[in-house]
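Here is how the chains run, residue by residue.
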Amino acid sequence: MRIVILGAGFGGLTALEELVDRLKPEWDVEVVLVDRHPYHLFTPLLFQVVTGGVDPGHIAYPIRWLLRSGKFKFYETEVKAIDLANKKVYLNNIELGYDFLIIGMGSTTNFFGVPGAEKCAFPVKTIREAVAIKNRIIDAYRQAEMEPNEEMRRCILSFAVVGGGATGVELAASLHDLVHMVLDQDYPRVKEGETQVYLIEATNALLGGLPPKLGEIALNSLKNRGVNVQLGCRITGISEEGLQTADGRHIQIHTVIWASGIKPSPLVEPLQLEKGKDGKIIVGPYLDVAKWPGVYAVGDLAAFFEPGATRPLPATAAVAVQEGRSVGRNIAHILHDEDQSPFRYVFEGDLIALGRDAAVANIFGKAFNNFPAWVLWRAVHLMKVPGFRNRMSVAQDWSFDYFLHRDTMHLE
């Protein structure tokens, strides 16, 4: 019997860990994990790679460290296709049959068809993309120091984050800290006031989907820090010269970072499954896929509706972890001839970083912010970074950032 897990994200990796802990040798079950990368990426801290807060290698946990247990197999390769009818997965030069399949391949950037966005804006979903943005920011300062034209310098030193969700808010706040607290001092020929950080959101509030109080706190904090927050601003085009808005404005911006949305992995699109308007796979009470016994979906590409809810659970790491744990447990139940347990999401709170010494938290329905929330944000995220070595490395990065100097090296 073979269990195949597609994707080493939060959902897939947690399902794997749950399974290998519960499977018994006498069951004769083979567990196979497939991912194109040899590591699990701790995406909640990816924005800090962009802004020099952490080293990129410190939020990537090597899958092959887990292989030493000998309890599963790992294929570092691309998934080419999924054949549900014949219960097969096609990889590069490999064909895998399965008895149970967990689909957890995550998501890709959704540019919503905005002209020029895919070509001119920087997505922030991978380590490679995060490093590219960081290099772009540093290059902008090097270029600005040599640019004699004041108007051109202001354009070069303008940075926009599109999307006012959690990722966009955290990135904009951290980017503001980087440019004003670090790079402005590192590049003395850049004049005070020439650098501008924008946060652009199409709706009239930040942190949509979270309690409105959190969005209000985030908005006030960002404005007080000097971030130019543009609410109700819908982008209709992006070019090398800047942004075009629905109300006819043209904003000259040198660097546009796209944090506005996600869509399921392209491999999901051809599958004949029930899907929502956003293309996510609609799953049942056990996170199972209708009409296909033994197939489950978790993480960003799964749409799970709680009883009475009109919107699925958000695509967050916390949701994916709980989904993966539930699926791993239920497959073990089936193998042990036990009944499955319906998935129940347990809300653990909201934590959003708002820059140095600032964050907003929602714990047990109570919102609070500033330094206490910032300490809690760091403690929780540090605890959840996988691997002792990675946790210690991130803690060291944060210490250097806070007490000495943030990393502003241009990485090739």
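In this text the structure is predicted, and so the values were computed from the model without any measurement.

Caption draft 1: Region of interest: the pattern of salt bridges. Applying the stated rule across the entire model yields 15 salt bridges. Linking R154 and E150 is a salt bridge whose minimum nitrogen-to-oxygen distance equals 3.6 Å. Highlighted residues: R154 and E150, both in helix α6 (residues 150-156), separated by four residues, approximately one helical turn. Classification of R154 by relative accessible area gives partly exposed; the value is 37%. For K384, the salt bridge identified is with E348, shortest N-O distance 3.5 Å. In this pair, K384 is assigned in helix α10 (residues 371-384) and E348 in the loop between α9 (317-335) and β23 (350-353), connecting sequence segments 36 residues apart.

Caption draft 2: Structural view of the side chain of H176. Tracing the chain through its elements places H176 in helix α7 (residues 166-186). What makes H176 buried here is its relative accessible area of 9%. A distance of 2.6 Å separates the side chain of H176 from the backbone oxygen of R225, its partner in a polar contact. Once residues within four sequence positions are removed from consideration, H176 is found in contact with M181, V197, R225, G226 and V227.

Caption draft 3: How the structure looks around the sheet that holds strand β16 (residues 242-245). Reading across the sheet, the three strands line up as β15-β16-β17 and stay open at both edges, with antiparallel pairing between neighbours. Both edges of this open sheet fall to β15 (235-239) and β17 (250-252), since each of them pairs with a single strand only. The average angle at which neighbouring strand axes cross in this sheet is 20°, direction not considered. By the bridge criterion, four bridges tie β15 to β16 in an arrangement that is antiparallel. Note that in β16 the partner of S239 across the bridge is G242.

Caption draft 4: Spotlight on the state of the cysteines. One pass over the structure, following the stated rule, counts zero disulfides. Of the cysteine sulfurs around C120, a residue in no disulfide, the closest is that of C155, at 13 Å. Taking the relative accessible area as the measure of exposure, C120 reaches 16% and is therefore buried.

Conventions we followed
- Residues numbered from 1 in each chain as written.
- Predicted model: local features only at pLDDT ≥ 70, side-chain atom pairs only at ≥ 80, totals over all residues.
- Heavy atoms only, no water.
- Salt bridge = Lys/Arg side-chain N within 4 Å of Asp/Glu carboxyl O.
- Helix = DSSP H or I, 4+ residues; strand = E, 2+ residues; numbered from the N terminus.
- Buried < 20%, exposed > 50% of the residue type's maximum accessible area, 1.4 Å probe, protein only.
- Polar contact = N/O pair within 3.5 Å; in protein donor to acceptor, adjacent residues only side chain to side chain.
- Contact = heavy atoms within 4.5 Å.
- Pairing = 2+ DSSP bridges.
- Axes fitted to C-alpha atoms, helices over the stretch in contact; angles between N-to-C directions.
- Disulfide = S-S within 2.5 Å.

By themselves, these observations are geometric and do not establish any function.
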